[in-house]
Amino acid sequence: MIKTKKAKFTGLEFSTIGFGASPFGNIYNDHVSEDQAKSLVKKAIENGITYFDVAPYYGLSRAEVVLGKSLPKKKNSIILSTKIGRYGENKFDFSKNTIERSINQSLKNLKTDHINIIFCHDIEFVPEEIIIQEALPTLQKLKQKGIISHIGISGYPLKLLSKISKNNIVDIVLSYGHYNILNQELFNYLEEFKKNNVDIINASPFCMGLLTKNNCPSWHPYKEKKEITKLIKSLPSNLNIEKESFQFTLNQNQFTTTLTGIAKEKDLSDILYWANNKINEKNQNQIKNMFKSYQNINWA
């Protein structure tokens, strides 16, 4: 059974594994039917996973709609987060009117009258002033009305996330790809985030598919991805890169929850099994040593 952990600043009680519902938008190779989604969500909740994250961007709201149909009607024990601001590959709009419309639509899609966390989605693609002067104050007003409980920011560049999180409106940061068995750059920013009184959600324990044997996307941002992929494919059959990566990421006390996308029954079964079984230190060390030459790279 997956345990829960109370976040220091928001006080939210997260399951230590978060269910990323982006695959419900059918934006990856594996398409997820509504029946499959309902089965996955049911099994996740039965095993103690209570945090679910989604966004309108994933499948032009399909992921939100499908997640809304899959979650139980009573959501008292569920922590739910979605996002505003990104609505297409190159479509960003953090204006007041769009935020309000977006959240109203998300409430309908998710079949709820309240959302625990709203993240400004991929803030690096718009000028900082838009986030600070328009998006955050708009969300603060919605928070005061009780429509949302907590305000967050998400994106890839850690320096930017740290800078914007100094704004006292921000409660929580979603960082992805920066704490895993290959890259632990997020640790270098922990003190800054703590000073800013924000909680951190650590997403993508498989580093956006890089730390898998067959699923590294062509758009992956790391320049070294070909070398790393080659190394991973050369691993002996007794070493499971997915298992070792997930267990490494889960085995820490700094982050309240580890968020990962779940598309298939096997994905869910695997992470539940890995979460409830001991780490093989020998295997972990072998993987770490393999990646040793990459440890001084600034991934941020």
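Residues numbered from 1 in each chain as written. Predicted model: local features only at pLDDT ≥ 70, side-chain atom pairs only at ≥ 80, totals over all residues. Heavy atoms only, no water.

1. A look at the overall build of the protein
We count it as follows: Numbered from the N terminus, helices here are DSSP runs of H or I no shorter than four residues, and strands are runs of E no shorter than two. It is over C-alpha atoms that the radius of gyration is taken, and the globule rule equals 2.2 Å times the number of residues to the power 0.38. Type-normalised accessible area, obtained with a 1.4 Å probe on protein chains alone, sets the label of each residue: buried when under 20%, exposed when over 50%, and partly exposed for intermediate values. Residues count as neighbours in contact if any of their non-hydrogen atoms are within 4.5 Å of one another. For the charge count, each Lys or Arg is scored as positive and each Asp or Glu as negative, with His and the chain ends excluded. The atoms used to mark charge sites are NZ of Lys, CZ of Arg, CG of Asp and CD of Glu.
Along the backbone of the protein there are 10 helices and 12 strands. Against the compact-globule benchmark of 19 Å for 300 residues, the protein has a radius of gyration of 18 Å, which places it among compact chains. Along the longest, intermediate and shortest principal axes, the C-alpha atoms of the protein span 55 × 40 × 35 Å. Looking at the 300 residues of the protein, the share that counts as buried comes to 55%. Here the analysis covers contacts within the protein between residues at least 6 apart in sequence; of these, 74% occur between residues at least 24 apart. Within the protein, the 29 negative side-chain charges are centred at a point lying 2 Å from the centre of the 40 positive side-chain charges.

2. Here's the deal with the sheet that holds strand 12 (residues 257-261)
Under the convention used in this document: A pair of strands is considered paired only if DSSP assigns at least 2 bridges between the two. What counts as an axis is a line fitted to C-alpha atoms, over the stretch in contact for a helix, and the angles between N-to-C directions run from 0 to 180 degrees.
Taken together, the eight strands give a closed barrel; going around it, the order is 3-4-5-8-9-10-11-12, and neighbouring strands pair in parallel fashion. The sheet shows a mean angle of 30° between the axes of neighbouring strands, direction not considered. Both strand 9 (residues 148-155) and strand 10 (residues 172-176) contribute to a ladder of four bridges, which runs parallel. The residue of strand 10 that forms the bridge with Ile153 is Val173. Contacts between helix 4 (residues 128-144) and the sheet are confined to strand 5 (79-84), strand 8 (115-120) and strand 9, with strand 9 contributing the most and set at about 155° to the helix. Along the sheet, helix 8 (residues 241-250) makes contact with strand 3 (17-20), strand 11 (199-203) and strand 12, crossing strand 12 at roughly 150°.

3. Things to note about the nonpolar core
Formally: The set of buried Ala, Val, Leu, Ile, Met, Phe, Trp, Tyr and Cys residues whose side-chain atoms join them within 4.5 Å is what this entry labels a nonpolar core.
In terms of nonpolar packing, the biggest core is built from 84 residues, with Phe19, Phe24, Phe52, Leu67, Cys120, Leu139 and Phe291 touching the most fellow members. If sequence neighbours within four positions are ignored, Cys120 has contacts with Ile84, Phe94, Ile131, Ala135, Leu136, Leu139, Gly152, Ile153 and Ser154. Core analysis: the second largest hydrophobic core is formed by 12 residues, Phe14, Ile117, Ile172 and Leu174 among them.

4. Details of the pattern of salt bridges
Cut-off, in case you're wondering: What makes a salt bridge here is a side-chain nitrogen of Lys or Arg within 4 Å of a carboxyl oxygen of Asp or Glu, nothing more.
What the rule picks out here adds up to 12 salt bridges. The partner of Lys83 in a salt bridge is Asp53, with the nearest N and O atoms 2.6 Å apart. You can see Lys83 sitting in strand 5 and its partner Asp53 sitting in strand 4 (residues 51-53), a full 30 residues away along the chain. The residues Lys83 and Asp53 share a single accessibility class, namely buried. Across the pair Glu192 and Lys195 runs a salt bridge whose closest N-O atoms are separated by 3.9 Å. Of this pair, Glu192 and Lys195 both sit in helix 6 (residues 190-195), separated by three residues, roughly a single helical turn. Assessed through its relative accessible area of 30%, Glu192 is described here as partly exposed.

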